Amino acid sequence: MSELQLLRRTSLLSGLEETAVKFLADDARSVFVRRDDFFYREFDEGVGIFVLLEGRTAELRTLQHKRHLLRYIEPKDTFGEMAILERAPRTSTIAAVADSVALEIPAARFRKLNQNDLRQFTLVQANLCRELQKRLADTQQKMFADPEETVILKGEQVLRPPA
């Protein structure tokens, strides 16, 4: 499957015209991260979004000096989408739990899409709202699950309620 085909199958870019997906992919770059290393860390500057092409990553959030696993990210999943909405620090850490490759699309490219094709940009925003709503619902369900499951990352304990 080509990168363009994979991008069109992501929840974020679902339903976009091929020309819009190509436009977004024009400035994308491939990023390789080894197991136990990071795509980015909480509080890093959010300058782009990622589509995982290969591997597996974990989204982690620090709360009261403990890292908590929010979700696992599989190929075709996106992460870092808040960079589309605002220029703000990252709110989570993305760690590779296996050697991983992702395509990074600069947030500035989405802003250019907004200027060039408002209809396609609006579709991206609607897709983003659906994805964030789904994650919020999943997170709320996990918050009240019991007992906690633990995951070890680089010798560090990461707490996660079971799915």
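Before any of the text, the structure's been laid out above.
Bear in mind that the values here come from a model prediction, so they are computed numbers and not experimental data. (Residues numbered from 1 in each chain as written. Predicted model: local features only at pLDDT ≥ 70, side-chain atom pairs only at ≥ 80, totals over all residues. Heavy atoms only, no water.)

Visitor: Hey, could you go over the pattern of salt bridges for me, with residue numbers and the actual values?
Guide: Per the counting criterion, the structure on display carries 13 salt bridges. Its salt-bridge partner being Glu 131, residue Arg 135 comes within 3.0 Å of it at the nearest N-O pair. Within this pair, Arg 135 and its partner Glu 131 are both found in helix H5 (residues 118–143), separated by four residues, close to a single helical turn. Looking at Glu 131, the relative accessible area reads 15%, which means it is buried. Overlapping salt bridges bring together Arg 8, Glu 18 and Lys 22 as one network. (Salt bridge = Lys/Arg side-chain N within 4 Å of Asp/Glu carboxyl O. Helix = DSSP H or I, 4+ residues; strand = E, 2+ residues; numbered from the N terminus. Buried < 20%, exposed > 50% of the residue type's maximum accessible area, 1.4 Å probe, protein only.)

Visitor: Any details on helix H2 (residues 18–25)? Residues and values, ideally.
Guide: Looking only at H2, the buried set comprises Ala 20, Val 21, Phe 23 and Leu 24. Down the axis, H2 shows its buried residues gathered within 155° of arc, on one side only. (Arc of directions from axis to C-beta.)

Visitor: Summarise unusual backbone geometry; cite the residues concerned and give the values.
Guide: A negative phi angle characterises most non-glycine residues, just as the trans form characterises most peptide bonds. Not every positive phi belongs to a glycine, and Gln 64 is a case in point at roughly 50°. Structurally, Gln 64 can be placed in the loop between strand E4 (57–63) and strand E5 (66–73). Despite not being glycine, Lys 76 shows a phi value in the positive range, around 90°. Here Lys 76 shows up in the loop between E5 and strand E6 (78–79). Residue classification places Lys 76 among the partly exposed residues on the basis of a relative accessible area of 37%.

Visitor: Any chance you could break down the nonpolar core for me, citing the residues and the numbers?
Guide: Among the nonpolar cores identified, the biggest contains 21 residues, and Leu 12, Leu 13, Leu 24, Phe 110 and Val 124 are the most heavily contacted of them. Contributing elements (two or more residues each) for this core: helix H1 (3–8), H2, strand E3 (48–54), strand E8 (100–106), helix H4 (107–116) and H5. Here the element with the most residues in this core is H2; it accounts for four residues. Each residue touching Leu 13, except ones within four places of it in the same chain, is listed here: Leu 7, Arg 8, Leu 24, Phe 110, Val 124 and Asn 127. Residues Phe 39, Tyr 40, Ile 73 and Ile 94 belong to the second largest nonpolar core, which totals 11 residues. (Core = buried A, V, L, I, M, F, W, Y, C linked by side-chain atoms within 4.5 Å. Contact = heavy atoms within 4.5 Å.)

Visitor: Residues and numbers for the side chain of Gln 120, please.
Guide: Examined against the element boundaries, Gln 120 turns out to sit in helix H5. In this structure Gln 120 comes out as buried when scored by relative accessible area, which is 1%. Each residue touching Gln 120, except ones within four places of it in the same chain, is listed here: Leu 16, Glu 17, Ala 20 and Leu 113.

Visitor: How would you explain the packing of aromatic side chains if you had to name every residue and give the values?
Guide: On inspection of all chains with the given rule, the structure shows five aromatic pairs. Note on Phe 39 and Phe 79: the rings are 5.3 Å apart at their centroids and 65° apart in plane angle, and the pair reads as edge-to-face. One end of the pair, Phe 39, is in strand E2 (residues 38–40); the other, Phe 79, is in strand E6, and 40 residues separate them in sequence. As far as the burial class goes, Phe 39 and Phe 79 line up, both buried. With centroids separated by 5.0 Å and ring planes inclined at 5°, the aromatic side chains of Phe 50 and Phe 79 adopt a geometry described as stacked. Remark: Phe 79 occurs in strand E6 and Phe 50 occurs in strand E3; sequence separation between them is 29 residues. In this structure, Phe 50 and Phe 79 share a single accessibility class: buried. Members of the aromatic cluster, connected to one another through ring pairs, are Phe 39, Tyr 40, Phe 50 and Phe 79. (Phe/Tyr/Trp six-rings, centres within 6.5 Å; stacked < 30°, edge-to-face > 60°.)

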